[in-house]
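One-letter residues, chain by chain:
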There are 2 protein chains.
Amino acid sequence: MNTADLPPERRRRGRPPKQDGAHQATRERLIRTGVAILTEKGLSAVGIEEILIAAGVPKGSFYYYFGSKEEFGGVLIVAYASYFARKLDHWFMNEARLPLERLRDFIEDAKAGMARHGFRRGCLVGNLGQEMGTLPEPFREKLHDVFLDWQARTARCLQAAKEAGQIAAHEDCDHLAAFFWIGWEGAVLRAKLERSPAPLDAFARGFFAALRL
Amino acid sequence: MNTADLPPERRRRGRPPKQDGAHQATRERLIRTGVAILTEKGLSAVGIEEILIAAGVPKGSFYYYFGSKEEFGGVLIVAYASYFARKLDHWFMNEARLPLERLRDFIEDAKAGMARHGFRRGCLVGNLGQEMGTLPEPFREKLHDVFLDWQARTARCLQAAKEAGQIAAHEDCDHLAAFFWIGWEGAVLRAKLERSPAPLDAFARGFFAALRL
């Protein structure tokens, strides 16, 4: 429910409304900072204090913005997933390019993004997925759902490629999209380990070879 | 240097020799337990105490066996890498099977191994690779070298497949082996997340599609 729908008098009573500008700006800064740190280090090894310091938010005020570290983690997953879904749509729905070239454009953009951060930052969802042995169990379904969403967007792009005759009619685009995301996350992991774009290129080359007509 | 090469009188002086049977047995138990826990949880989120308790070794005695948590981590990487290299050789050098079937046998064995542990345990090297943002920098080269070793063993199996006419003569077996390990680690990550063999099967299907003549 969007609190903008609440009648004004309800929004004035009790503690300051959560939509208070400064409160909201600080909360968003914590989310942005949290996403940046978690793409590098995951969640298990990161203390809330590290995120507060990086965001320039006073220690001890964390619980004014989030109920728990677990709730914060859930918010970061949603924020990253929707940021990334917009990024995928930007590339995959670019009608100026043939569908497979849109996928190549996404790959090039991801490579440039990783290079910009010295290949220290990877994928928040991949990092947390790898950490499920130590994370709260409810994260499992959230993370899996994010992959399913990205795969569905990718499958639509591959379906368009099939309709454009770029991949064979017998290919299963859902299977191919799952194959892409399973392997791509491995490639991001290796690119971080090697501090190099080579694993991203190696996976892309293999993936497009699997698609060849 | 193997201490068995030292003259006997040197081995009797000072503190008890490290080759003392009980000492060695406890050290090996710590390594086995450490490998099991790290394949599930990685290193950053695991305390030495958790490993000592699981191994039934008294708290406080850790430093009798290892100089530091970092040294212990390095020993676990070596132990896991050599265990895994033997496993790869077992499957990849099985002359009773055609080379690509050897790779399929390895995949089936890995699936069965993950299933046996409820898909909670993955790859120690993949886990630590994902954690490089928080691990000691010297681990990076160690982990990368392990992947290069596994890739070299896999490339030899693929080379045999090429010689047997199972893959096209123009394929680059080193590239294919890198593609396999980049994607396979992603598949192991997803299999842990989903607690299911489906991602391993999905990656294998895509990989073998990329090899088709």
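Quick note: structure is the one above.
Everything in this summary refers to the structure shown in the same document. Please read all numbers here as calculations on a predicted model, not as lab measurements. (Residues numbered from 1 in each chain as written. Chains lettered and ligands numbered in written order. Predicted model: local features only at pLDDT ≥ 70, side-chain atom pairs only at ≥ 80, totals over all residues. Heavy atoms only, no water.)

1. Describing the nonpolar core
Next, step 1: If you look at the biggest cluster of nonpolar residues, it comprises 135 residues, and the most contacted ones within it are A:Phe106, A:Trp150, A:Trp184, B:Phe106, B:Trp150 and B:Trp184.
Next, step 2: When near neighbours in sequence (up to four residues on either side) are disregarded, A:Trp150 contacts A:Tyr80, A:Ala81, A:Phe84, A:Ala85, A:Leu88, A:Cys123, A:Val125, A:Trp181 and A:Glu185. (Core = buried A, V, L, I, M, F, W, Y, C linked by side-chain atoms within 4.5 Å. Buried < 20%, exposed > 50% of the residue type's maximum accessible area, 1.4 Å probe, protein only. Contact = heavy atoms within 4.5 Å.)

2. Quick notes on the side chain of B:Ser196
Residue and element names in this part refer to chain B.
Next, step 1: Within the fold, Ser-196 resides in the loop between helix 9 (173-194) and helix 10 (198-211).
Next, step 2: What makes Ser-196 buried here is its relative accessible area of 17%.
Next, step 3: A polar atom in the side chain of Ser-196 sits 2.9 Å from the backbone nitrogen of Ala-198.
Next, step 4: Other than its neighbours up to four places away in sequence, Ser-196 contacts Phe-119 and Ala-191. (Helix = DSSP H or I, 4+ residues; strand = E, 2+ residues; numbered from the N terminus. Polar contact = N/O pair within 3.5 Å; in protein donor to acceptor, adjacent residues only side chain to side chain.)

3. Comments concerning the interface of chain B and chain A
Next, step 1: Facing the 41 residues of chain B at the interface are 41 residues of chain A.
Next, step 2: It is B:Gln130, B:Ile182 and B:Leu193 in chain B that bury the most area against chain A; as a group they hold 21% of the surface buried on that side.
Next, step 3: Counting across the interface, chain B meets chain A through two salt bridges.
Next, step 4: The salt bridge involving A:Arg212 is made with B:Glu171; its shortest N-O contact spans 3.8 Å.
Next, step 5: Of all the secondary-structure elements, those providing two or more residues to the side of chain B that touches chain A are helix 2 (21-41), helix 7 (124-130), helix 8 (138-163), helix 9 and helix 10 of chain B.
Next, step 6: If one sorts the elements of the side of chain B that touches chain A by residue count, helix 9 of chain B sits on top with twelve residues. (Buried area = accessible area lost by both parts, 1.4 Å probe. Salt bridge = Lys/Arg side-chain N within 4 Å of Asp/Glu carboxyl O.)

4. Here we look at the packing of helix 2 (residues 21-41) of chain A against helix 3 (residues 48-55) of chain A
Residue and element names in this part refer to chain A.
Next, step 1: Running from N to C, helix 2 and helix 3 point in directions that differ by 125°, and their axes come no closer than 9 Å. Put simply, helix 2 runs oblique to helix 3. The two elements helix 2 and helix 3 meet at a crossing, and its hand is right-handed. Across the interface between the two elements, Arg-29, Leu-30, Thr-33, Gly-34, Ile-37, Leu-38 and Lys-41 of helix 2 pack against Glu-50, Ile-51, Leu-52, Ala-54 and Ala-55 of helix 3.
Next, step 2: Of the residues belonging to the contact of helix 2 with helix 3, the class tally is seven nonpolar, two polar and three charged. (Axes fitted to C-alpha atoms, helices over the stretch in contact; angles between N-to-C directions. Parallel < 35°, antiparallel > 145°, perpendicular 65-115°, else oblique. Left-handed = near helix turned anticlockwise from the far one by under 90°. Nonpolar A, V, L, I, M, F, W, Y, C, P; charged D, E, K, R; others polar.)

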